[in-house]
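Coordinate analysis (summary)
Below, each chain spelled out in residue letters.
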Amino acid sequence: MSELLRVENLSAGYDEAVVLNDISLTLAEGETLALLGRNGTGKTTLMDTLAGATRQHGGQIFLAGKPLHTLASFQRAEAGIGWVPQERCIFKSLTVHENLTAVAQAVRADRGAHAAWTPERVYELFPRLAERKTNLGTQLSGGEQQMLAVGRALVLNPRLLLLDEPLEGLAPIIVQELLRAIARITREEGLSAIIVEQHPQAILAISHQAVVLDQGRVVHQGPAQTLASQPQLLDQLLGVARA
Ligand SMILES: Nc1ncnc2c1ncn2[C@@H]1O[C@H](COP(=O)(O)OP(=O)(O)OP(=O)(O)O)[C@@H](O)[C@H]1O
Ligand SMILES: [Mg+2]
């Protein structure tokens, strides 16, 4: 399987502060990586650094062999980074449909074997959004906002989807809906993804690789299945006390 993402000796942070230290990882085309770690260990900083929204202090990032670290954030989106930030960041004053079409001019359908995502396909993936096409962003529940944020990233037809805690704060039934949709996008449609999650079992179950961060460094890296089958190791890595 060909390599999609290569991160080499990456260090990054905010202004002079260095949050990430010497991060190296690779991800193959079509694979999903679960990015785990306690609060404040640098998961969001890593996602934001891939998207070009932090200060990079050192190292390199390549997407399909092309350097990303030299590109501005909007150029990384053009290059195929689909970023769904932790704050969701939808346009609240626009309707659901406007959110999905405002970015559609930039759609690139030429991203390899992946079928082009359109607003219609997003509605098919998230029927709740289809029912709320004309609702404003402000009128959506947290789960619907998350679905819209994912849909907005998809219509840009990314090569790599970055999902930062997509299940955070959502009701269990919505969590199940989103998990099914994410599994469909990644496992069935073969879109590569990095998914940050603090409650990892559900994400490990649909991921190929797992990386655990602690204090801005990689402290574990390997197949997701291996980590999922070792709950004690997982708890230890995530600093969860066992009763
Ligand atoms: N905008 C910022 N400016 C300065 N420091 C920041 C900024 N954002 C985060 N940090 C610091 O960087 C470190 C890593 O934070 P980050 O948000 O990447 O962690 P995280 O693993 O995503 O945490 P969480 O699980 O709470 O989302 C923390 O020490 C945090 O205080
Ligand atoms: Mg975070």
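Here the structure is a predicted model, which means the values were calculated and not measured.

**A look at the sheet that holds strand S4 (residues 55–63)**
As summarised here, the arrangement of the four strands in space is S2-S1-S4-S5, forming an open sheet in which the pairing is antiparallel. Both outer strands of the open sheet, strand S2 (17–28) and strand S5 (66–67), are each paired with one neighbouring strand and no more. Contacting strand S1 (3–14), S2 and S4, helix H1 (residues 43–51) crosses the sheet at an angle of about 115° to S1.

**Section: the site of ligand 1**
For ligand 1, the set of nearby residues contains 13 residues, the closest of which are Asn39, Gly40, Lys43, Thr44 and Thr45. At a separation of 3.5 Å, a nitrogen atom of ligand 1 approaches a polar side-chain atom of Tyr14. Contact distances for ligand 1 include 3.1 Å between an oxygen atom and a backbone N or O atom of Gly42. Burial of ligand 1 by the protein chains amounts to 58% of its free accessible area of 640 Å².

**A few points about H1**
Among the nine residues that make up H1, eight are buried, leaving the element largely enclosed by the rest of the structure. Looking at H1, one finds that the buried residues are Lys43, Thr45, Leu46, Met47, Asp48, Thr49, Leu50 and Ala51. Within two residues after H1, Gly52 carries a phi angle of roughly 85°, on the positive side.

**A closer look at the side chain of Thr186**
Structurally, Thr186 can be placed in helix H7 (residues 172–188). The buried category is assigned to Thr186, whose relative accessible area is 3%. From its side chain, Thr186 meets the backbone oxygen of Ile182 in a polar contact 2.8 Å long. Beyond its immediate stretch of four places on either side in the chain, Thr186 contacts Thr32, Leu191 and Ala193.

**Observations regarding the coordination of the magnesium ion (ligand 2)**
In this structure, Thr44 (OG1) and Gln86 (OE1) serve as the protein donors to the magnesium ion (ligand 2), at separations of 1.9 to 2.3 Å. Placement of Thr44 in helix H1 and of Gln86 in the loop between strand S6 (81–84) and helix H3 (96–102) is noted, with a sequence separation of 42 residues between them.

**Focus: the pairing of S4**
In terms of strand pairing, S1 meets S4 through seven bridges, oriented antiparallel. What sits directly across from Ser11, in S4, is Gly58. Summarising the sheet, S4 and S5 pair through two bridges and their orientation is antiparallel. When the sheet's bridge partners are listed, Phe62 is paired in S5 with Pro67. Hairpin connection between S4 and S5: a loop of two residues separates the two successive antiparallel strands, and Ala64 in this loop has a positive phi of roughly 50°.

What counts as what
Residues numbered from 1 in each chain as written. Chains lettered and ligands numbered in written order. Predicted model: local features only at pLDDT ≥ 70, side-chain atom pairs only at ≥ 80, totals over all residues. Heavy atoms only, no water. Pairing = 2+ DSSP bridges. Helix = DSSP H or I, 4+ residues; strand = E, 2+ residues; numbered from the N terminus. Contact = heavy atoms within 4.5 Å. Axes fitted to C-alpha atoms, helices over the stretch in contact; angles between N-to-C directions. Near = heavy atom within 4 Å. Polar contact = N/O pair within 3.5 Å; in protein donor to acceptor, adjacent residues only side chain to side chain. Areas by Shrake-Rupley, 256 points an atom, 1.4 Å probe, with all protein chains shown as cover. Buried < 20%, exposed > 50% of the residue type's maximum accessible area, 1.4 Å probe, protein only. Donors = N, O, S within 2.8 Å, 3.2 Å for Na, K, Ca; no water.

Shape is all these values report; function is a separate question.
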